[in-house]
Amino acid sequence: MSSVLIIGAGGVGGVVAHKCAQVPEVFTDIMLASRTIGKCQAIQNQIARPIEIAQVDADNTPELVRLIQGVKPDLVINVALPYQDLTIMDACLETGVDYMDTANYEPRDEAKFCYKWQWDYHQRFVDKGIMALLGSGFDPGVTNVFCAYAKKHHFDEIHTVDIMDCNAGDHGRPFATNFNPEINIREVTAKGKYYENGQWVETDPLSVHKTFDFPGIGPKEMYLMYHEEMESLVKNIPGIRQMRFWMTFGQEYLTHLRVLQNVGMTRIDPVRFQGVDIVPLQFLKALLPEPSSLGENYQGKTNIGCMIEGLKDGKPVRYYVYNICDHAACYREIRAQAISYTTGVPAMIGAMMILTGTWKKPGVYNVEEFDPDPFMNKLGVYGLPWIETFF
(Lines give C-alpha, C1' and ligand atoms only; values in the text may rest on other atoms or scores of the structure.)
Protein backbone atom coordinates (compact mmCIF):
# COMPACT_ATOMS: atom_id res chain seq x y z
CA MET A 1 0.00 0.00 0.00
CA SER A 2 1.63 3.26 -1.16
CA SER A 3 0.01 6.67 -1.17
CA VAL A 4 1.39 9.60 -3.19
CA LEU A 5 0.65 13.29 -3.16
CA ILE A 6 1.39 14.95 -6.52
CA ILE A 7 1.76 18.73 -6.24
CA GLY A 8 1.32 20.53 -9.57
CA ALA A 9 -1.36 20.04 -12.24
CA GLY A 10 0.33 21.39 -15.36
CA GLY A 11 1.36 19.27 -18.33
CA VAL A 12 3.88 17.23 -16.34
CA GLY A 13 1.53 16.82 -13.36
CA GLY A 14 -1.08 15.37 -15.70
CA VAL A 15 1.38 12.82 -17.08
CA VAL A 16 2.54 11.82 -13.59
CA ALA A 17 -1.05 11.31 -12.45
CA HIS A 18 -1.89 9.23 -15.54
CA LYS A 19 1.24 7.11 -15.23
CA CYS A 20 0.87 6.52 -11.49
CA ALA A 21 -2.72 5.43 -12.13
CA GLN A 22 -1.41 2.83 -14.61
CA VAL A 23 0.56 1.09 -11.84
CA PRO A 24 -1.98 0.34 -9.08
CA GLU A 25 0.25 -2.32 -7.55
CA VAL A 26 2.66 0.46 -6.50
CA PHE A 27 0.48 3.58 -6.37
CA THR A 28 -2.56 2.43 -4.42
CA ASP A 29 -3.78 5.93 -3.49
CA ILE A 30 -3.20 9.11 -5.54
CA MET A 31 -3.90 12.70 -4.54
CA LEU A 32 -3.34 15.51 -7.06
CA ALA A 33 -3.12 19.05 -5.67
CA SER A 34 -2.66 22.48 -7.22
CA ARG A 35 -3.40 26.13 -6.59
CA THR A 36 -5.95 25.86 -9.43
CA ILE A 37 -8.46 23.15 -8.55
CA GLY A 38 -9.97 23.29 -12.06
CA LYS A 39 -6.74 21.91 -13.52
CA CYS A 40 -6.88 19.02 -11.05
CA GLN A 41 -10.50 18.32 -12.00
CA ALA A 42 -9.68 18.24 -15.72
CA ILE A 43 -6.95 15.64 -15.13
CA GLN A 44 -9.13 13.67 -12.72
CA ASN A 45 -11.83 13.43 -15.41
CA GLN A 46 -9.35 11.96 -17.92
CA ILE A 47 -8.32 9.05 -15.67
CA ALA A 48 -10.55 6.00 -15.50
CA ARG A 49 -9.28 5.03 -12.08
CA PRO A 50 -10.46 7.23 -9.18
CA ILE A 51 -7.94 9.75 -7.83
CA GLU A 52 -8.43 12.42 -5.19
CA ILE A 53 -7.81 16.14 -5.76
CA ALA A 54 -7.21 19.14 -3.51
CA GLN A 55 -6.38 22.82 -3.66
CA VAL A 56 -3.10 24.00 -2.12
CA ASP A 57 -0.76 26.99 -2.33
CA ALA A 58 2.70 25.48 -2.81
CA ASP A 59 4.30 28.76 -1.67
CA ASN A 60 2.69 28.31 1.76
CA THR A 61 4.49 25.76 3.94
CA PRO A 62 1.88 25.66 6.75
CA GLU A 63 -0.85 25.01 4.16
CA LEU A 64 1.26 22.24 2.62
CA VAL A 65 1.86 20.74 6.05
CA ARG A 66 -1.90 20.62 6.76
CA LEU A 67 -2.53 18.90 3.42
CA ILE A 68 0.24 16.35 3.95
CA GLN A 69 -0.97 15.61 7.47
CA GLY A 70 -4.46 15.04 6.10
CA VAL A 71 -3.44 12.86 3.16
CA LYS A 72 -0.65 10.96 4.99
CA PRO A 73 1.24 10.09 1.78
CA ASP A 74 4.32 7.90 1.66
CA LEU A 75 5.86 10.29 -0.90
CA VAL A 76 5.35 13.84 -2.12
CA ILE A 77 6.01 14.24 -5.87
CA ASN A 78 6.77 17.89 -6.58
CA VAL A 79 6.00 18.91 -10.17
CA ALA A 80 5.06 22.47 -9.25
CA LEU A 81 7.32 25.45 -10.06
CA PRO A 82 11.05 25.35 -9.21
CA TYR A 83 10.50 28.43 -6.99
CA GLN A 84 8.46 26.19 -4.69
CA ASP A 85 10.95 23.36 -4.11
CA LEU A 86 12.13 24.63 -0.73
CA THR A 87 8.69 25.31 0.73
CA ILE A 88 7.65 21.79 -0.23
CA MET A 89 10.88 20.30 1.17
CA ASP A 90 10.24 22.21 4.41
CA ALA A 91 6.75 20.72 4.59
CA CYS A 92 8.15 17.21 4.03
CA LEU A 93 10.69 17.74 6.80
CA GLU A 94 8.01 18.88 9.21
CA THR A 95 5.76 15.93 8.41
CA GLY A 96 8.47 13.26 7.96
CA VAL A 97 7.53 12.33 4.39
CA ASP A 98 9.86 11.47 1.48
CA TYR A 99 10.23 14.07 -1.30
CA MET A 100 10.92 13.95 -5.04
CA ASP A 101 11.11 16.59 -7.79
CA THR A 102 12.04 17.00 -11.47
CA ALA A 103 13.83 20.40 -11.46
CA ASN A 104 16.14 22.19 -9.05
CA TYR A 105 15.27 25.23 -6.98
CA GLU A 106 15.40 28.68 -8.56
CA PRO A 107 14.85 31.96 -6.71
CA ARG A 108 12.10 34.09 -8.20
CA ASP A 109 14.27 37.18 -8.57
CA GLU A 110 17.25 35.54 -10.26
CA ALA A 111 17.48 33.08 -13.15
CA LYS A 112 20.02 30.75 -11.58
CA PHE A 113 20.43 26.98 -11.69
CA CYS A 114 22.04 25.80 -8.45
CA TYR A 115 21.57 22.66 -6.38
CA LYS A 116 23.31 24.08 -3.30
CA TRP A 117 20.06 25.28 -1.72
CA GLN A 118 18.65 21.75 -1.85
CA TRP A 119 21.89 19.91 -1.12
CA ASP A 120 22.09 21.97 2.08
CA TYR A 121 19.02 20.05 3.30
CA HIS A 122 20.94 16.76 3.30
CA GLN A 123 21.75 16.47 7.00
CA ARG A 124 18.26 17.57 8.04
CA PHE A 125 16.75 14.82 5.89
CA VAL A 126 19.23 12.29 7.32
CA ASP A 127 18.36 13.33 10.86
CA LYS A 128 14.64 13.01 10.08
CA GLY A 129 15.17 9.59 8.47
CA ILE A 130 13.56 10.62 5.17
CA MET A 131 14.77 10.86 1.58
CA ALA A 132 14.75 13.54 -1.11
CA LEU A 133 15.36 12.52 -4.73
CA LEU A 134 16.24 15.49 -6.93
CA GLY A 135 15.76 15.87 -10.67
CA SER A 136 13.88 12.74 -11.71
CA GLY A 137 12.62 14.07 -15.03
CA PHE A 138 14.35 13.57 -18.38
CA ASP A 139 16.97 16.30 -18.38
CA PRO A 140 17.71 16.34 -15.53
CA GLY A 141 16.83 12.77 -14.71
CA VAL A 142 17.10 10.18 -17.46
CA THR A 143 20.22 11.88 -18.84
CA ASN A 144 21.84 11.49 -15.42
CA VAL A 145 20.83 7.83 -15.29
CA PHE A 146 22.18 7.35 -18.83
CA CYS A 147 25.57 8.58 -17.57
CA ALA A 148 25.48 6.31 -14.51
CA TYR A 149 24.52 3.35 -16.71
CA ALA A 150 27.34 4.10 -19.15
CA LYS A 151 29.84 4.34 -16.28
CA LYS A 152 28.66 1.05 -14.78
CA HIS A 153 28.59 -1.00 -18.00
CA HIS A 154 30.69 0.61 -20.72
CA PHE A 155 33.46 2.79 -19.28
CA ASP A 156 36.29 2.66 -16.79
CA GLU A 157 36.78 6.40 -17.25
CA ILE A 158 34.34 8.98 -18.64
CA HIS A 159 36.13 12.01 -20.09
CA THR A 160 33.44 13.97 -21.96
CA VAL A 161 29.65 14.13 -21.92
CA ASP A 162 27.47 16.06 -24.37
CA ILE A 163 23.79 16.07 -23.39
CA MET A 164 21.70 16.83 -26.49
CA ASP A 165 18.01 17.75 -26.41
CA CYS A 166 16.16 18.03 -29.71
CA ASN A 167 12.48 18.83 -30.15
CA ALA A 168 11.59 18.61 -33.82
CA GLY A 169 7.87 18.85 -33.20
CA ASP A 170 5.41 21.38 -34.63
CA HIS A 171 2.49 22.55 -32.46
CA GLY A 172 1.12 24.95 -35.08
CA ARG A 173 1.39 28.06 -32.88
CA PRO A 174 3.45 31.10 -33.91
CA PHE A 175 5.20 31.15 -30.53
CA ALA A 176 4.71 28.89 -27.50
CA THR A 177 6.85 27.13 -24.91
CA ASN A 178 6.69 23.41 -24.22
CA PHE A 179 6.74 23.83 -20.45
CA ASN A 180 6.06 26.73 -18.07
CA PRO A 181 6.79 29.84 -20.19
CA GLU A 182 8.37 31.74 -17.32
CA ILE A 183 10.83 28.97 -16.50
CA ASN A 184 11.52 28.17 -20.16
CA ILE A 185 12.32 31.73 -21.20
CA ARG A 186 14.46 32.40 -18.10
CA GLU A 187 16.43 29.27 -18.97
CA VAL A 188 16.95 30.07 -22.65
CA THR A 189 17.90 33.72 -22.17
CA ALA A 190 20.48 33.00 -19.44
CA LYS A 191 24.20 32.86 -20.18
CA GLY A 192 25.52 29.55 -21.44
CA LYS A 193 28.02 27.63 -19.34
CA TYR A 194 30.01 24.43 -19.72
CA TYR A 195 32.60 22.52 -17.70
CA GLU A 196 36.12 22.03 -19.01
CA ASN A 197 39.34 20.96 -17.29
CA GLY A 198 38.17 21.66 -13.77
CA GLN A 199 36.42 24.97 -14.31
CA TRP A 200 33.17 26.46 -15.58
CA VAL A 201 33.34 28.57 -18.75
CA GLU A 202 30.58 31.13 -19.48
CA THR A 203 29.29 32.06 -22.95
CA ASP A 204 26.84 34.66 -24.19
CA PRO A 205 23.29 33.29 -24.50
CA LEU A 206 22.92 30.95 -27.53
CA SER A 207 26.21 32.21 -29.01
CA VAL A 208 27.75 28.73 -29.42
CA HIS A 209 25.96 26.36 -31.78
CA LYS A 210 26.52 23.54 -34.24
CA THR A 211 24.60 21.04 -36.37
CA PHE A 212 24.00 17.46 -35.25
CA ASP A 213 22.26 14.70 -37.20
CA PHE A 214 19.71 13.35 -34.71
CA PRO A 215 18.58 9.76 -35.34
CA GLY A 216 14.92 9.59 -36.31
CA ILE A 217 14.84 13.34 -36.97
CA GLY A 218 17.76 14.50 -39.11
CA PRO A 219 20.19 17.44 -38.96
CA LYS A 220 19.23 20.22 -36.52
CA GLU A 221 21.06 23.27 -35.19
CA MET A 222 21.70 22.93 -31.46
CA TYR A 223 22.78 25.66 -29.04
CA LEU A 224 25.02 25.44 -26.00
CA MET A 225 23.22 26.27 -22.74
CA TYR A 226 23.69 25.74 -19.03
CA HIS A 227 21.47 23.09 -17.49
CA GLU A 228 21.23 21.89 -13.92
CA GLU A 229 22.13 18.23 -14.37
CA MET A 230 25.67 19.22 -15.31
CA GLU A 231 26.26 20.50 -11.77
CA SER A 232 25.50 17.16 -10.15
CA LEU A 233 27.10 15.05 -12.89
CA VAL A 234 30.39 16.92 -12.64
CA LYS A 235 30.30 16.23 -8.91
CA ASN A 236 29.41 12.54 -9.29
CA ILE A 237 31.50 11.43 -12.30
CA PRO A 238 35.14 11.14 -11.19
CA GLY A 239 37.69 12.38 -13.71
CA ILE A 240 35.23 14.15 -16.04
CA ARG A 241 37.09 16.58 -18.31
CA GLN A 242 34.28 18.22 -20.27
CA MET A 243 30.53 18.46 -19.77
CA ARG A 244 28.19 20.35 -22.14
CA PHE A 245 24.46 20.69 -22.70
CA TRP A 246 22.87 21.45 -26.08
CA MET A 247 19.28 22.21 -27.10
CA THR A 248 17.75 22.74 -30.53
CA PHE A 249 15.62 25.77 -31.47
CA GLY A 250 13.88 26.71 -34.69
CA GLN A 251 14.58 30.08 -36.27
CA GLU A 252 10.99 31.22 -35.80
CA TYR A 253 11.22 30.59 -32.05
CA LEU A 254 14.54 32.45 -31.82
CA THR A 255 13.20 35.42 -33.82
CA HIS A 256 10.17 35.77 -31.54
CA LEU A 257 12.39 35.45 -28.47
CA ARG A 258 14.80 38.11 -29.75
CA VAL A 259 11.97 40.57 -30.32
CA LEU A 260 10.50 39.90 -26.88
CA GLN A 261 13.90 40.47 -25.29
CA ASN A 262 14.44 43.68 -27.25
CA VAL A 263 11.16 45.19 -26.05
CA GLY A 264 11.71 44.13 -22.43
CA MET A 265 9.06 41.42 -22.20
CA THR A 266 11.50 38.82 -20.80
CA ARG A 267 12.51 40.97 -17.81
CA ILE A 268 12.02 39.36 -14.38
CA ASP A 269 12.24 42.59 -12.37
CA PRO A 270 9.03 44.50 -11.51
CA VAL A 271 7.87 47.36 -13.76
CA ARG A 272 5.38 50.02 -12.62
CA PHE A 273 2.28 50.02 -14.84
CA GLN A 274 -0.84 52.08 -14.08
CA GLY A 275 0.02 52.19 -10.41
CA VAL A 276 0.70 48.45 -10.13
CA ASP A 277 4.01 46.54 -10.12
CA ILE A 278 4.05 43.81 -12.77
CA VAL A 279 6.83 41.47 -13.89
CA PRO A 280 6.93 41.55 -17.72
CA LEU A 281 7.81 37.86 -18.06
CA GLN A 282 4.92 36.86 -15.80
CA PHE A 283 2.57 39.02 -17.89
CA LEU A 284 3.91 37.38 -21.06
CA LYS A 285 3.26 33.97 -19.50
CA ALA A 286 -0.41 34.93 -19.11
CA LEU A 287 -0.62 35.70 -22.85
CA LEU A 288 1.09 32.55 -24.15
CA PRO A 289 -0.63 29.19 -24.69
CA GLU A 290 -0.77 26.87 -21.69
CA PRO A 291 1.84 24.14 -22.46
CA SER A 292 -0.63 21.38 -21.58
CA SER A 293 -2.92 22.70 -24.34
CA LEU A 294 -0.39 22.08 -27.13
CA GLY A 295 -0.73 18.31 -27.35
CA GLU A 296 -3.79 17.86 -29.53
CA ASN A 297 -2.24 19.05 -32.81
CA TYR A 298 1.43 18.43 -32.00
CA GLN A 299 3.27 16.50 -34.70
CA GLY A 300 6.87 15.30 -34.87
CA LYS A 301 9.37 13.80 -32.45
CA THR A 302 11.89 14.54 -29.73
CA ASN A 303 15.34 13.00 -29.38
CA ILE A 304 17.14 13.44 -26.05
CA GLY A 305 20.33 11.65 -25.13
CA CYS A 306 23.99 11.65 -24.15
CA MET A 307 27.13 11.37 -26.28
CA ILE A 308 29.83 10.01 -23.98
CA GLU A 309 33.53 9.44 -24.60
CA GLY A 310 36.16 7.81 -22.41
CA LEU A 311 38.14 4.62 -21.87
CA LYS A 312 37.29 0.95 -21.35
CA ASP A 313 40.15 -1.53 -20.74
CA GLY A 314 42.55 1.20 -21.84
CA LYS A 315 40.82 1.66 -25.23
CA PRO A 316 38.85 4.74 -26.37
CA VAL A 317 35.05 4.36 -26.46
CA ARG A 318 32.47 6.69 -28.00
CA TYR A 319 28.93 5.85 -26.92
CA TYR A 320 25.55 7.44 -27.69
CA VAL A 321 22.40 6.60 -25.71
CA TYR A 322 19.09 8.31 -26.45
CA ASN A 323 15.30 8.15 -26.55
CA ILE A 324 12.98 9.14 -29.41
CA CYS A 325 9.47 10.17 -28.40
CA ASP A 326 6.53 10.95 -30.69
CA HIS A 327 4.23 13.88 -29.80
CA ALA A 328 1.14 12.44 -31.46
CA ALA A 329 1.61 9.02 -29.82
CA CYS A 330 1.84 10.67 -26.40
CA TYR A 331 -1.40 12.52 -27.04
CA ARG A 332 -3.16 9.35 -28.14
CA GLU A 333 -2.10 7.59 -24.97
CA ILE A 334 -2.69 10.22 -22.25
CA ARG A 335 -3.53 13.54 -23.98
CA ALA A 336 -0.03 14.97 -23.46
CA GLN A 337 2.71 16.36 -25.69
CA ALA A 338 6.12 14.69 -25.68
CA ILE A 339 7.92 17.31 -23.57
CA SER A 340 5.51 16.73 -20.69
CA TYR A 341 5.56 12.98 -21.32
CA THR A 342 9.34 12.65 -21.26
CA THR A 343 9.43 14.48 -17.91
CA GLY A 344 6.40 12.85 -16.30
CA VAL A 345 7.23 9.22 -17.05
CA PRO A 346 10.66 9.37 -15.32
CA ALA A 347 9.03 11.16 -12.39
CA MET A 348 6.69 8.21 -11.95
CA ILE A 349 9.59 5.76 -12.28
CA GLY A 350 11.67 7.69 -9.73
CA ALA A 351 8.71 7.56 -7.35
CA MET A 352 8.43 3.82 -7.99
CA MET A 353 12.12 3.37 -7.13
CA ILE A 354 11.53 5.06 -3.75
CA LEU A 355 8.23 3.40 -2.86
CA THR A 356 9.47 -0.12 -3.67
CA GLY A 357 12.64 0.45 -1.63
CA THR A 358 14.85 0.03 -4.71
CA TRP A 359 16.37 3.47 -4.14
CA LYS A 360 16.04 4.26 -0.48
CA LYS A 361 18.28 5.94 2.06
CA PRO A 362 17.91 9.04 4.26
CA GLY A 363 19.30 12.28 2.85
CA VAL A 364 19.20 14.35 -0.35
CA TYR A 365 20.40 12.70 -3.56
CA ASN A 366 20.52 13.07 -7.34
CA VAL A 367 19.38 10.14 -9.44
CA GLU A 368 22.85 9.19 -10.73
CA GLU A 369 23.89 8.30 -7.17
CA PHE A 370 21.83 5.09 -7.28
CA ASP A 371 22.04 1.84 -9.26
CA PRO A 372 20.83 2.83 -12.77
CA ASP A 373 19.75 -0.64 -13.89
CA PRO A 374 16.31 -0.87 -12.24
CA PHE A 375 15.40 2.60 -13.55
CA MET A 376 16.65 1.83 -17.07
CA ASN A 377 14.70 -1.44 -17.06
CA LYS A 378 11.45 0.46 -16.43
CA LEU A 379 11.89 3.19 -19.06
CA GLY A 380 10.86 1.08 -22.03
CA VAL A 381 8.07 -0.63 -20.08
CA TYR A 382 6.36 2.71 -19.41
CA GLY A 383 6.83 4.41 -22.77
CA LEU A 384 10.42 5.67 -23.13
CA PRO A 385 12.50 2.96 -24.85
CA TRP A 386 16.17 3.82 -25.21
CA ILE A 387 18.72 3.07 -27.92
CA GLU A 388 22.49 2.76 -27.56
CA THR A 389 25.12 3.03 -30.27
CA PHE A 390 28.91 2.59 -30.22
CA PHE A 391 31.12 4.42 -32.71
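Here the structure is shown first, and the text comes after it.
None of the values given here were measured: they were computed from a predicted structure.

Colleague: Residue-level account of the overall build of the protein, with values.
Modeller: From N to C terminus, the protein includes 14 helices and 18 strands. For the protein, the C-alpha atoms occupy an extent of roughly 55 × 55 × 40 Å along the three principal directions. Across the 391 residues that make up the protein, the buried fraction comes to 57%. If you take every contact in the protein between residues at least 6 apart in sequence, the share linking residues at least 24 apart comes to 70%.

Colleague: Can you lay out helix α3 (residues 61-71) for me, pointing to particular residues and giving the numbers?
Modeller: Within α3, burial applies to Thr-61, Leu-64, Val-65, Leu-67 and Ile-68. The arc that holds the buried residues of α3, viewed along the axis, is 165°, so those residues lie on one side. Exposed residues on α3 whose side chains face more than 90 degrees from its buried face are Arg-66 and Gly-70. At the N-terminal boundary of α3, the capping side chain belongs to Asn-60, with an oxygen 3.0 Å from the backbone nitrogen of Glu-63. Lys-72 sits one or two residues past α3 and shows a positive phi near 55°.

Colleague: Run through the pairing of strand β3 (residues 52-55), naming residues and quoting values.
Modeller: In summary, the side chains of a regular strand alternate between the two faces of the sheet. Pairing between strand β2 (residues 29-34) and β3: 4 bridges, direction parallel. Within the sheet, the bridge partner assigned to Met-31 lies in β3 and is Glu-52.

Colleague: So what's going on with the packing of helix α7 (residues 142-153) against helix α9 (residues 229-236)? Residues and values would help.
Modeller: Viewed as axis vectors pointing N to C, α7 and α9 meet at an angle of 20°, and their least axial separation amounts to 10 Å. Accordingly, the angle class assigned to the pair α7 and α9 is roughly parallel. The way α7 lies across α9 gives a crossing that is right-handed. Contacts between α7 and α9 involve Thr-143, Asn-144 and Cys-147 on the former and, on the latter, Glu-229, Ser-232 and Leu-233. Its residues assigned to classes, the contact of α7 with α9 shows 2 nonpolar, 3 polar and 1 charged.

Colleague: Explain the sheet that holds β3 to me, using residue names and the numbers behind them.
Modeller: The 7 strands are arranged β3-β2-β1-β4-β5-β6-β17 in an open sheet whose pairing can be described as parallel. Sheet topology places β3 and β17 (363-366) at the edges, where each strand pairs with a single neighbour. Sheet twist, expressed as the average angle between the axes of neighbouring strands with direction ignored, equals 20°. Relative to β2, strand β1 (residues 3-7) runs parallel, the two being bridged by 5 bridges. Counted as the bridge partner of Leu-5 is Met-31 from β2.

Colleague: I'd like a description of the side chain of His-154, backed by residues and values.
Modeller: Its location among the elements puts His-154 in the loop between α7 and β7 (157-167). Apart from the residues lying within four places of it in its own chain, the contact partners of His-154 are Tyr-149, Lys-312, Val-317, Tyr-319, Glu-388 and Phe-390.

Colleague: Any details on the environment of Ile-7? Residues and values, ideally.
Modeller: One can find Ile-7 in strand β1. Overall, Ile-7 belongs to the buried group, its relative accessible area being 1%. Through-space distance from the C-alpha of Ile-7 to that of Phe-390 is 40 Å; in sequence the pair is 383 residues apart. In contact with Ile-7, not counting residues within four places along its chain, are Ala-33, Val-56, Ala-58, Leu-64, Val-76, Ile-77, Asn-78, Val-79, Ala-80 and Ile-88.

Colleague: Please give an account of the pattern of salt bridges that cites residues and values.
Modeller: Oppositely charged side chains may form a pair once their charged atoms are brought near each other. Counting across every chain of the model gives 13 salt bridges. Between Lys-19 and Glu-333 there is a salt bridge, with the nearest N and O atoms lying 2.7 Å from each other. Here Lys-19 is found in helix α1 (residues 11-21), whereas its partner Glu-333 is found in helix α12 (residues 327-334), with 314 residues between them in sequence. The exposure class assigned to Lys-19 is buried, which follows from its relative accessible area of 2%. Of the charged contacts in the structure, one is a salt bridge between Lys-360 and Asp-98, with a shortest N-O distance of 2.1 Å. Placement of the pair is Lys-360 in the loop between α13 (338-355) and β17 and Asp-98 in strand β5 (residues 98-101), with a sequence separation of 262 residues. Judged by its relative accessible area of 6%, Asp-98 falls in the buried class.

Colleague: Outline the packing of α13 against helix α14 (residues 372-381), supporting the account with residue identities and numerical values.
Modeller: For the pair α13 and α14, the least separation of the axes is 10 Å and the interaxial angle reads 135°. The orientation of α13 with respect to α14, classified from their angle, is oblique. Crossing geometry of α13 relative to α14 is assigned as right-handed. Facing α13, whose interface residues are Pro-346, Ile-349, Gly-350, Met-352 and Met-353, α14 presents Pro-374, Phe-375, Lys-378 and Leu-379. Class assignment of the residues belonging to the contact of α13 with α14 gives a composition of 7 nonpolar, 1 polar and 1 charged.

Colleague: Go over the nonpolar core with me, naming the residues and quoting the values.
Modeller: Formed by 90 residues in total, the largest nonpolar core has its most connected members in Phe-27, Ile-77 and Met-243. Considering each element in turn, this core owes the most residues, 11 residues, to α13. Setting aside chain neighbours within four positions, we find Met-243 in contact with Val-161, Ile-163, Tyr-194, Tyr-195, Met-230, Leu-233, Val-234 and Ile-237. Listed in part, the 29 residues of the second largest apolar core include Val-56, Ala-58, Ile-88 and Leu-134.

Colleague: Outline the packing of aromatic side chains, supporting the account with residue identities and numerical values.
Modeller: A full pass over the atoms with the stated rule returns 17 aromatic pairs. Where Trp-359 meets Phe-370, the ring centres are 5.2 Å apart and the plane angle is 15°; that geometry is what we call stacked. Pair noted here: Trp-359 is in the loop between α13 and β17 and Phe-370 is in the loop between β17 and α14, with a separation of 11 residues, a long-range link. Classification of Phe-370 by relative accessible area gives buried; the value is 10%. Chaining the aromatic ring pairs together yields one cluster made of Phe-212, Phe-214, Tyr-320 and Tyr-322. Across from the ring centre of Tyr-121, 4.0 Å away, lies the NZ or CZ of Arg-124, which sits over that ring. In this structure, Lys-193 is placed above the aromatic ring of Tyr-226, and the distance from its NZ or CZ to the ring centre is 4.5 Å.

Cut-off values and rules
- Residues numbered from 1 in each chain as written.
- Predicted model: local features only at pLDDT ≥ 70, side-chain atom pairs only at ≥ 80, totals over all residues.
- Heavy atoms only, no water.
- Helix = DSSP H or I, 4+ residues; strand = E, 2+ residues; numbered from the N terminus.
- Buried < 20%, exposed > 50% of the residue type's maximum accessible area, 1.4 Å probe, protein only.
- Contact = heavy atoms within 4.5 Å.
- Arc of directions from axis to C-beta.
- Polar contact = N/O pair within 3.5 Å; in protein donor to acceptor, adjacent residues only side chain to side chain.
- Pairing = 2+ DSSP bridges.
- Axes fitted to C-alpha atoms, helices over the stretch in contact; angles between N-to-C directions.
- Parallel < 35°, antiparallel > 145°, perpendicular 65-115°, else oblique.
- Left-handed = near helix turned anticlockwise from the far one by under 90°.
- Nonpolar A, V, L, I, M, F, W, Y, C, P; charged D, E, K, R; others polar.
- Salt bridge = Lys/Arg side-chain N within 4 Å of Asp/Glu carboxyl O.
- Core = buried A, V, L, I, M, F, W, Y, C linked by side-chain atoms within 4.5 Å.
- Phe/Tyr/Trp six-rings, centres within 6.5 Å; stacked < 30°, edge-to-face > 60°.
- Lys NZ or Arg CZ within 6 Å of the ring centre and 35° of its normal.

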